[in-house]
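Fold and geometry: a report
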Amino acid sequence: MLDATKNRRETIMLIILWILGALLALVVLAIVLLPIFIDEQALTELAAEQVRANTGGELVINGSWSGQKLHWSFLNALNQVVDQAKLPVSFRIFSSVAPLRHKGASAFLSELSSQLPNSKNEVFSHLDYDSYMAKLEEADFALDCFPFSGSNTVSDMLHLGIPVLCREGTRWFNRIGPAMLRAIGLDELVATSDSQYI
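First, a word on what this report is: a plain description of the structure on this page. (Residues numbered from 1 in each chain as written. Predicted model: local features only at pLDDT ≥ 70, side-chain atom pairs only at ≥ 80, totals over all residues. Heavy atoms only, no water.)

Quick notes on helix α7 (residues 151-160)
Taken together, the buried positions of α7 are occupied by T153, V154, D156, M157 and L160. Down the axis of α7, the buried side of the element spans an arc of 165 degrees, and every buried residue falls inside it. Opposite the packed face of α7, turned more than 90 degrees from it, sit the exposed residues N152 and H159. Considering only its buried residues, α7 is in contact with β1 (59-63), α6 (129-137), β4 (141-143), β5 (164-167) and α8 (176-183). Positive backbone phi, at 80 degrees, marks G161, one or two positions downstream of α7. (Buried < 20%, exposed > 50% of the residue type's maximum accessible area, 1.4 Å probe, protein only. Helix = DSSP H or I, 4+ residues; strand = E, 2+ residues; numbered from the N terminus. Arc of directions from axis to C-beta. Contact = heavy atoms within 4.5 Å.)

Structural data, given as structure tokens:
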């Protein structure tokens, strides 16, 4: 009787081991064979089509960038983003009052558009808080400017649940946003080089 029970247990264990082994073999086989049958380019194009369908055909990028923060190297990075994007890019710039003091928002937008000729550019200033947050919420993601970053941009985007990419530098003023992202475990949104940022 004990031998029969022992034999049944051994048989059940062998069946379980065979099933686990077969499942493991299927997983390994899938890992090896799937890349052969999956066309990465087709998947990328499919994803781009879905993004176009869901976003109205453009990539909306927020930026709380004042005139003082729009450094030539940052504008160059923005142009590279536009050049590499699979969709038309629309930059939404939420500017402080500083650009309006000199010649006004239209002059600021005109100069900005001459520096970013291949993107749609919108400038928003003097929005009340609720309108500001509602406009921010319409974007796909945000870019914190570099080398002069801002913690409010990161804070507002995190509050809304919108991804924000930061470029970390070596000075205190370009380490605040990245420190905020790292503090909540979003290290993947911190770029430590220009190539990672773009």
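Let's talk about the packing of aromatic side chains
All chains considered together, the criterion is met by two aromatic pairs. The interplanar angle of 20 degrees and the centroid separation of 5.2 Å between the aromatic rings of F94 and F124 together place this pair among those described as stacked. Highlighted residues: F94 in strand β2 (residues 89-94) and F124 in strand β3 (residues 120-124), separated in sequence by 30 residues. Here F94 and Y132 contribute two aromatic rings whose centre-to-centre distance is 5.5 Å and whose plane-to-plane angle is 85 degrees, an arrangement assigned as edge-to-face. With F94 in strand β2 and Y132 in helix α6, this residue pair connects regions lying 38 residues apart in the sequence. Overall, the relative accessible area of 7% leaves F94 in the buried class. For Y132, a relative accessible area of 16% corresponds to the buried category. In this structure an aromatic cluster arises from ring pairing among F94, F124 and Y132. If you follow R167 out to its NZ or CZ, it ends over the ring of F146, 4.5 Å from the centre. (Phe/Tyr/Trp six-rings, centres within 6.5 Å; stacked < 30°, edge-to-face > 60°. Lys NZ or Arg CZ within 6 Å of the ring centre and 35° of its normal.)

A word on the sheet that holds β2
Reading across the sheet, the six strands line up as β3-β2-β1-β4-β5-β6 and stay open at both edges, with parallel pairing between neighbours. Two strands lie at the open edges of the sheet, namely β3 and β6 (190-191), each paired on one side alone. One ladder, built from five bridges, connects β1 with β2; its direction is parallel. Looking across to β2, one finds that L59 is bridged to V89. Across the sheet, α6 touches β1, β2 and β3, and the angle it forms with β2 is around 160 degrees. (Pairing = 2+ DSSP bridges. Axes fitted to C-alpha atoms, helices over the stretch in contact; angles between N-to-C directions.)

Here we look at the packing of α7 against α8
It is the contact of α7 with α8, at a shortest axis distance of 8 Å, that shows an interaxial angle of 30 degrees. Accordingly, the angle class assigned to the pair α7 and α8 is roughly parallel. For the pair α7 and α8, the sense of crossing is right-handed. For the pair α7 and α8, the contacting residues are S151, V154, S155 and L158 in the first and I176, G177, M180 and L181 in the second. (Parallel < 35°, antiparallel > 145°, perpendicular 65-115°, else oblique. Left-handed = near helix turned anticlockwise from the far one by under 90°.)

Considerations on the nonpolar core
If you look at the biggest cluster of nonpolar residues, it comprises 22 residues, and the most contacted ones within it are W65, L78 and F91. Put simply, the parts of the chain that give this core at least two residues each are β1, α3 (72-84), β2 and α5 (105-115). By residue number, the principal contributor to this core is α3, which donates six residues. What W65 contacts, discounting residues up to four positions off in sequence, is L70, F74, L78, F91, I93, F94, S95, F108, L143, D144 and C145. (Core = buried A, V, L, I, M, F, W, Y, C linked by side-chain atoms within 4.5 Å.)

Remarks on the packing of α6 against α7
Between α6 and α7, whose axes approach to 10 Å, the crossing angle comes to 70 degrees. Considering their axes alone, α6 and α7 lie roughly perpendicular with respect to each other. Where α6 abuts α7, its residues Y132, M133, L136 and E137 lie against D156, M157, H159 and L160. Residue classes in the contact of α6 with α7 are distributed as five nonpolar, one polar and two charged. (Nonpolar A, V, L, I, M, F, W, Y, C, P; charged D, E, K, R; others polar.)

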